[in-house]
Amino acid sequence: MECKKCNKPCEGYKCDMCGEEMPAMDPAHSCGQDHLKCKCTGCQESEEDCSC
């Protein structure tokens, strides 16, 4: 899986609302599954907040 903003590899997921990180998609995440984005290995942010 690659970051949609910078095309660097992703590792795990990060919530773009609360910032919680997890190794796998969690359908029961409190902010909602749709807020879990792949975590960019370049900047360690969700692909929504990627700063690479």
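What comes next concerns the included structure. Remember, it's a predicted structure, so these values are computed and weren't measured experimentally.

## Topic: the sheet that holds strand S1 (residues 10–15)
A sheet is described by the order of its strands in space; here three strands give the open sequence S2-S1-S3, paired in antiparallel fashion. At either margin of the open sheet sits one strand with a lone partner, and together these are strand S2 (21–22) and strand S3 (36–40). With four bridges connecting them, S1 and S3 associate as antiparallel partners. What sits directly across from Cys10, in S3, is Cys40.

## Some words on the state of the cysteines
Here a disulfide denotes one covalent bond, and it connects the sulfur atoms of two cysteines. In the structure shown here, the tally under the stated rule is one disulfide. Here Cys10 is linked by a disulfide to Cys38, with a sulfur-sulfur distance of 2.2 Å. You can see Cys10 sitting in strand S1 and its partner Cys38 sitting in strand S3, a full 28 residues away along the chain. When its relative accessible area of 3% is taken as the criterion, Cys38 is described as buried. Among the cysteines around Cys18, which has no disulfide bond, Cys15 carries the closest sulfur, lying 3.7 Å off. The class of Cys18 is partly exposed, set by a relative accessible area of 44%.

Procedures and definitions
- Residues numbered from 1 in each chain as written.
- Predicted model: local features only at pLDDT ≥ 70, side-chain atom pairs only at ≥ 80, totals over all residues.
- Heavy atoms only, no water.
- Pairing = 2+ DSSP bridges.
- Helix = DSSP H or I, 4+ residues; strand = E, 2+ residues; numbered from the N terminus.
- Disulfide = S-S within 2.5 Å.
- Buried < 20%, exposed > 50% of the residue type's maximum accessible area, 1.4 Å probe, protein only.

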